[in-house]
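# Secondary and tertiary structure notes
Here's the letter readout for the chains.
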Amino acid sequence: MKKAIFPGSFDPITNGHYDIIKRGISLFDEVIVAIGINAEKKYMFSLEDRKRFIEEAFKDEPKVKVITYEGLTIDLCRKEKAEFILRGLRNPADFEFEKAIAHTNRRLSKIETVFLLTAAKTSYISSSIVRDVLRNGGDYTVLVPDSVRI
């Protein structure tokens, strides 16, 4: 069984994340969406809300599991018996950042990182852009799955 961990803060999940997860389902037997907990980070949405948004978005997809975690992603991979980390790439800056993490993870473990390019129609979307649109009263609904409603 091929399992992949798709880690992130998902504050909130965006249409870009949704696209990567949907495409990951065709590559893996299970995609575990892992919401990382970072005590030093200020989140707009509670952990419970972020988890609910993702679970609701994939309620009809049995190959998607949503969990929360603290610590190293490679330790979570070992715990979940996942051989892959799934990551989305929007631009060259994402690639450089993610490449360094992937090399580190590969050095510390046998975990492979699989990169998927985001779809052109979602490549400009980030959670920080969604939060900024929300803070300023804009129409965020075109940037996120229907499950993200406040």
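Residues numbered from 1 in each chain as written. Predicted model: local features only at pLDDT ≥ 70, side-chain atom pairs only at ≥ 80, totals over all residues. Heavy atoms only, no water.

### Focus: helix α2 (residues 47-57)
Residues of α2 that are buried: Arg50, Phe53, Ile54 and Ala57. Viewed along the axis of α2, the buried residues span an arc of 90 degrees, placing them on a single side of the element. (Buried < 20%, exposed > 50% of the residue type's maximum accessible area, 1.4 Å probe, protein only. Helix = DSSP H or I, 4+ residues; strand = E, 2+ residues; numbered from the N terminus. Arc of directions from axis to C-beta.)

### Re the pairing of strand β5 (residues 112-117)
Of the pairings in the sheet, the one linking strand β4 (residues 84-89) to β5 comprises 6 bridges and is parallel in character. Within the sheet, the bridge partner assigned to Ile85 lies in β5 and is Thr113. Handedness of the crossover joining β4 and β5 through helix α4 (residues 92-108) is recorded here as right-handed. (Pairing = 2+ DSSP bridges. Right-handed = clockwise from strand over helix to strand, strands pointing away.)

### Details of the sheet that holds strand β1 (residues 3-8)
Whenever strands of a sheet pair, they do so through backbone hydrogen bonds, lying parallel or antiparallel. Taking strand neighbours across the sheet as the criterion, the 5 strands line up as β3-β2-β1-β4-β5 in an open arrangement whose pairing is parallel. Each end of this open sheet is capped by a strand with a single partner; those strands are β3 (64-69) and β5. With direction set aside, neighbouring strand axes in the sheet form an average angle of 30 degrees. Taken strand by strand, helix α1 (residues 15-25) contacts β1, β2 (30-36), β3, β4 and β5, and its axis lies near 120 degrees from that of β5. Across the face of the sheet, helix α3 (residues 73-80) comes into contact with β1, β2, β3 and β4 while running at roughly 145 degrees to β1. (Axes fitted to C-alpha atoms, helices over the stretch in contact; angles between N-to-C directions. Contact = heavy atoms within 4.5 Å.)

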